[in-house]
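One letter stands for each residue in the lines below.
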Amino acid sequence: MQCLSFPPKNHPLQQKSFQPPLTYRRKSSIIECSSRSSFRLNNQIKIAVNNEGIISNRNQHKPSNGHLVPLALQDGYALQSENDHTAAATPSFLEVFKRKLNGIAHLTRPYAWINIAIVPTILMNVFLCAINQICDVEIDKINKPYLPLASGDLSIGTAIAICVGCTLMSLAMGVMSGSPALLWAQILWFLTGCAYSLPLPFLRWKSHTFMAPFTLVILMGLLLQIPFFIHSQTYVLGRPFIMTRSFIFTTAIMSIFAFVNGLLKDLPDVEGDKAFGMQTLCVLLGKEKVLPLCVNLMLIGYGGAIIAGSSSSSIISKLVTIIGHSILAFMVWLRSRKVDLDSFESQFSFYMYLWKASDYSTSVVNIESKIQTSYSFTI
């Protein structure tokens, strides 16, 4: 039996108190060590380290593939082939496909498409969500590590390709539509999205206290209402543009909901926003003050909707608006009582619930508008 000695700095088993002498049973073998906690045998013989630190031949007759063999030094467990780990950890094609698909869903956020009925604007909204995550990768590693760019499920190059592709398709569809209102809606949506996210002078509005919620007011309350109403009236229906009661009502209530969502979206992100100097209202005032403020603003919006509905000339329209928005207001208030400000899941769940509530409110408004239109034709 011949003992091999190593310089202390190259000793493959030098970890804390785990430093027993090495014993090897073949005289012709030479062990090459590296600083990466791994080594190879020139004669292609697998070895193992037992709990007493003795290196022994695990396969005297079957040669190995000569690859580096990682050491589990701290635990003293037996060495395993790198190929064994790779074979066991290699995901299937279906798993990779599901992970990529889930990453694209988190990047594009399809839940925000519900209030958008026109494909070019859905594409531009995908651009807005993707460019926001591209510019916020480091912040998201703290606030939302599950997002695809922060977790590494999608690459930055893939996200940039999605941004460029969706933007070009959206603008091209706006041009081909022949509707100036629709084209200008896509251009303004693009410019507003860039101003919201890009870290350039006078831009990155999301880092300012009130510019972030006002950006959502511009997008969801104004650009999602005014240009599309003009497009549908003048280009689709061929009518002159007239400010109707339902249009004013929808624009007002959606602007309130967009402002609230702009404030509430920062509720679960306080930790990362503080670390990167984001002056959101949640950072300045604290979650405890921002949450009731948002809830009260939502209730004011529902109160305005109830008042507007009560002034309708149709009895059915009154009932739909008053009852529908009263139920929604009560559900929002009840759900807000269950929010745990120490739980990310609870805060994010409430934020998503408000998205649904705004969608329900829009549905009530659309039903009321159709009833009002039918009633007017009947009269």
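Please refer to the structure placed before this passage.
It should be emphasised that the depicted structure is a prediction, and the values quoted were computed from it without experimental measurement.

What counts, and at which threshold
- Residues numbered from 1 in each chain as written.
- Predicted model: local features only at pLDDT ≥ 70, side-chain atom pairs only at ≥ 80, totals over all residues.
- Heavy atoms only, no water.
- Core = buried A, V, L, I, M, F, W, Y, C linked by side-chain atoms within 4.5 Å.
- Buried < 20%, exposed > 50% of the residue type's maximum accessible area, 1.4 Å probe, protein only.
- Contact = heavy atoms within 4.5 Å.
- Helix = DSSP H or I, 4+ residues; strand = E, 2+ residues; numbered from the N terminus.
- Axes fitted to C-alpha atoms, helices over the stretch in contact; angles between N-to-C directions.
- Parallel < 35°, antiparallel > 145°, perpendicular 65-115°, else oblique.
- Nonpolar A, V, L, I, M, F, W, Y, C, P; charged D, E, K, R; others polar.
- Expected span 1.5 Å × (residues − 1).
- Arc of directions from axis to C-beta.
- Patch = residues over 30% accessible without salt bridge, like charges linked within 9 Å, V, L, I, M, F, W, Y side chains within 5 Å.
- Areas by Shrake-Rupley, 256 points an atom, 1.4 Å probe, with all protein chains shown as cover.
- Salt bridge = Lys/Arg side-chain N within 4 Å of Asp/Glu carboxyl O.

With that out of the way, let us pick up the nonpolar core. In terms of nonpolar packing, the biggest core is built from 63 residues, with Trp189, Leu264 and Tyr302 touching the most fellow members. With sequence-adjacent residues up to four places away left out, Tyr302 is seen in contact with Phe257, His325, Leu328, Ala329, Val332, Ala357 and Ser361.

Take unusual backbone geometry next. In this structure, Arg109 is a non-glycine residue whose phi angle is positive, near 55°. Along the chain, Arg109 turns up in the loop between helix H2 (93–108) and helix H3 (119–135). Its identity is not glycine, yet Phe202 carries a phi of approximately 70°, on the positive side. Looking at where Phe202 falls in the secondary structure, it is placed in the loop between helix H7 (180–197) and helix H8 (211–223). Assessed through its relative accessible area of 79%, Phe202 is described here as exposed.

Across the interface, H2 lies against H3 with an axial gap of 7 Å and an inter-helix angle of 100°. By the angle between their axes, H2 is roughly perpendicular relative to H3. Note on element contacts: H3 touches H2 through Val126, Cys129, Ala130 and Gln133, opposite His106, Leu107 and Thr108. When the residues that make up the contact of H2 with H3 are grouped by side-chain class, the tally is four nonpolar, three polar and no charged.

The next subject is the side chain of Gln225. Within the secondary structure, Gln225 is located in the loop between H8 and helix H9 (226–236). Not counting the four nearest positions on each side in its chain, Gln225 is found in contact with Met220, Phe247, Thr250, Thr251 and Met254.

Okay, helix H14 (residues 315–336) next. In this model, H14 (22 residues) spans 32 Å end to end at C-alpha, consistent with the 32 Å of a helix rising 1.5 Å per residue. Those residues of H14 that sit buried are Ser317, Thr321, Gly324, His325, Leu328, Ala329, Val332 and Ser336. Mapping the buried residues of H14 onto a view down its axis gives an arc of 130°, with all of them on the same face. For H14, the exposed residues set more than 90 degrees away from the buried face come down to Ile315 and Ile316.

Before going further, it helps to spend a moment on a nonpolar patch on the surface. Together, Ile315, Leu319, Ile323, Ile327, Phe330, Met331, Trp333 and Leu334 line one region of the surface with nonpolar side chains, adding up to about 770 Å² of accessible area. Position of Ile315 relative to the elements: it lies in helix H14.

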